[in-house]
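Tertiary structure, described
Single-letter residue listing:
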Amino acid sequence: MQDWNDLRLVLAIGRATTLAGAAAALGINHSTAFRRLGALETAMGVRLFERLPGGMYAPTAAGEHMVAAAERIETEAAALDREIAGRDHSLTGRLRVTASETLAYRVLTGQIARFHAIHPGISIELLIDNRILSLSRREADIALRVMRPKEGDLYGRKLADIAWSVYASKGLAETLPVIRDLRFEHLPMIGWESGVTGINTADWLARRGADASTIYRTNSVVNQLVTARAGIGVAVLPCYLGDPEPDLVRLVPQPIPALDRELWIVTHEDLRGTARVRAFFDVVGEGIIASRNLLAGVVGRQEKKNGGERSAPRRKRVTGKART
């Protein structure tokens, strides 16, 4: 076998465990992936994957050997790529940046505009993805992550703390009782799609009784914001999303400590000295640091006006069964 693309296909199937997932990762259609795998197995005279029910692909012994070899080649190629890129001292070329949907929506895009004005020769490719993309495999050059990097080959810098609170439209807030003990069984909640786990906010809401009263579900935090703004229900949002919205108010005055996160800017150690990466760290990193009060939920927490504090709008008294 002389074609690296064949190894990439085998590696993608081994990682995705489905042909559809592998095709998506490689940017090809399902039929192309199916045809290429069949041609490769025919040429080699060996079955590389067992086709299982549900569309799953399990590697055979030969397939496992090829996946392992492909991983080694990919690692060496990525290391060479990073080494060469790390010696680049020019402020031109492409820079791949990955961030979550919410950061791109509220924080990052404006900072990228500043960066482009300062460094017009650098082209930014923004990958909006809530998954953690691999910096070692050069899936991205820089990542904005809401956690401290754990991998030993990564370099990162903490930019800010991220706070979360509970929000509703002003009109809806006036009809709701005060939330006590952070319980949500009797509030019209906006939540995550059914059965989702591993998302900190979704797990926390489930523990606080929100599932029973959830009236709208979506896997997009930005859509949760839009839905809350429309007065449909109550949403738990990062403060940097909720606080700037004039039609939203906090139902819980203080940020919720259990939902606190840290915002880090991260790159691979090999790329740390690249001029483009250093420039992005300096311009965008410092710009985000300047907004750290918004990210930490300080803006909007206590706004003083004419020497006094402005509190949340008064809510109408709700009669009937007490809500907690």
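Only a predicted model underlies this, so the values are computations on that prediction, with no experimental measurement involved.

1. Thoughts on the side chain of Glu-245
If you trace the backbone, Glu-245 turns up in the loop between α9 (239-242) and β11 (248-250). Here Glu-245 falls in the buried class, since its relative accessible area comes to 9%. There is a polar contact of 2.7 Å between the side chain of Glu-245 and the side chain of Arg-106.

2. Here's the deal with helix α7 (residues 200-207)
Buried within α7 are the following residues: Thr-201, Ala-202, Trp-204 and Leu-205. What you see down the axis of α7 is that its buried residues fit within an arc of 165°, all on one side. Looking one or two residues past α7, Gly-209 carries a phi angle of roughly 85°, positive in sign.

3. Describing the sheet that holds strand β6 (residues 154-162)
Pairing in this open sheet of five strands is mixed, and the strands run β4-β3-β5-β12-β6 from one edge to the other. Of all strands in the sheet, those bounded by a partner on one side alone are β4 (122-128) and β6. Within the sheet, the average angular offset between the axes of one strand and its neighbour, ignoring direction, is 20°. Bridge count between strand β5 (residues 142-145) and strand β12 (residues 261-268): four bridges; the pairing is antiparallel.

4. Notes on the packing of aromatic side chains
The final tally for this structure, using the stated rule, is four aromatic pairs. With 5.8 Å between their ring centres and 25° between their planes, Tyr-155 and Phe-281 make a pair best called stacked. Taken together, the residues span a long stretch of sequence, with Tyr-155 in strand β6 and Phe-281 in helix α10 (residues 275-290) at a distance of 126 residues. You can call Tyr-155 partly exposed: its relative accessible area is 25%. Judged by its relative accessible area of 7%, Phe-281 is buried. When the ring centre of Tyr-155 is taken as reference, the NZ or CZ atom of Arg-272 above it lies at 3.8 Å.

5. Here's the deal with the packing of helix α1 (residues 4-16) against helix α2 (residues 19-26)
α2 packs onto α1 with a crossing angle of 125° between their chain directions and a minimal axis gap of 8 Å. Compared by their axis directions, α1 and α2 come out oblique. The interaxial crossing formed by α1 with α2 has right-handed handedness. Together, Arg-8, Leu-9, Ala-12, Ile-13 and Ala-16 of α1 and Leu-19, Gly-21, Ala-22 and Leu-26 of α2 make up the contact between the two elements. Looking at the contact of α1 with α2, its residues break down into seven nonpolar, one polar and one charged.

6. Brief notes about helix α8 (residues 221-229)
Side chains of residues three or four places apart in an α-helix project in the same direction, reflecting 3.6 residues per turn. If you check which residues of α8 are buried, you get Val-221, Val-222, Gln-224, Leu-225, Thr-227 and Ala-228. Two to three positions downstream of the cap, the backbone nitrogen of Val-222 sits 3.4 Å from a side-chain oxygen, assigning the N-cap of α8 to Ser-220. Once α8 ends, the next one or two residues include Gly-231, with phi positive near 85°.

7. Description of unusual backbone geometry
Unlike most non-glycine residues, Thr-17 shows phi in positive territory, near 65°. Note that Thr-17 resides in the loop between α1 and α2. Among the residues examined, Thr-17 registers a relative accessible area of 29% and is labelled partly exposed. One non-glycine residue, Leu-182, lies in the positive phi region at around 50°. Secondary-structure assignment places Leu-182 in the loop between α6 (170-173) and β8 (189-191). When its relative accessible area of 26% is taken as the criterion, Leu-182 is described as partly exposed.

8. Some remarks on the sheet that holds β11
Read from one edge of the open sheet, three strands run β10-β7-β11, paired in antiparallel fashion. Either end of the sheet is taken by a strand with one partner, and the two such strands are β10 (235-238) and β11. Neighbour to neighbour, the strand axes of the sheet diverge by 50° on average, direction disregarded. Taken together, the four bridges between strand β7 (residues 164-169) and β10 define a ladder with antiparallel strand orientation. If you follow Tyr-167 over to β10, its bridge partner there is Ala-235.

9. Some thoughts on the pattern of salt bridges
Under the counting rule described, the total for this entry stands at 14 salt bridges. Arg-138 is the salt-bridge partner of Asp-141, the closest N and O atoms lying 2.7 Å from each other. No difference in accessibility class separates Asp-141 from Arg-138, as the two residues are buried. For the salt bridge of Glu-185 with Arg-183, the shortest nitrogen-to-oxygen distance reads 2.5 Å. The class for Glu-185 is partly exposed, based on a relative accessible area of 27%. The network of salt bridges with shared partners includes Glu-41, Arg-47 and Arg-51.

10. Concerning the confidence of the model for the chain
For the chain, the mean per-residue pLDDT works out to 85, and 88% of the residues sit at or above 70. Counting interchain partners and residues more than four positions distant, the pLDDT-below-50 stretch residues 300-324 has 34 contacts.

Reading the values: rules and limits
- Residues numbered from 1 in each chain as written.
- Predicted model: local features only at pLDDT ≥ 70, side-chain atom pairs only at ≥ 80, totals over all residues.
- Heavy atoms only, no water.
- Helix = DSSP H or I, 4+ residues; strand = E, 2+ residues; numbered from the N terminus.
- Buried < 20%, exposed > 50% of the residue type's maximum accessible area, 1.4 Å probe, protein only.
- Polar contact = N/O pair within 3.5 Å; in protein donor to acceptor, adjacent residues only side chain to side chain.
- Arc of directions from axis to C-beta.
- Pairing = 2+ DSSP bridges.
- Axes fitted to C-alpha atoms, helices over the stretch in contact; angles between N-to-C directions.
- Phe/Tyr/Trp six-rings, centres within 6.5 Å; stacked < 30°, edge-to-face > 60°.
- Lys NZ or Arg CZ within 6 Å of the ring centre and 35° of its normal.
- Parallel < 35°, antiparallel > 145°, perpendicular 65-115°, else oblique.
- Left-handed = near helix turned anticlockwise from the far one by under 90°.
- Contact = heavy atoms within 4.5 Å.
- Nonpolar A, V, L, I, M, F, W, Y, C, P; charged D, E, K, R; others polar.
- Salt bridge = Lys/Arg side-chain N within 4 Å of Asp/Glu carboxyl O.
- pLDDT = per-residue confidence, 0-100.

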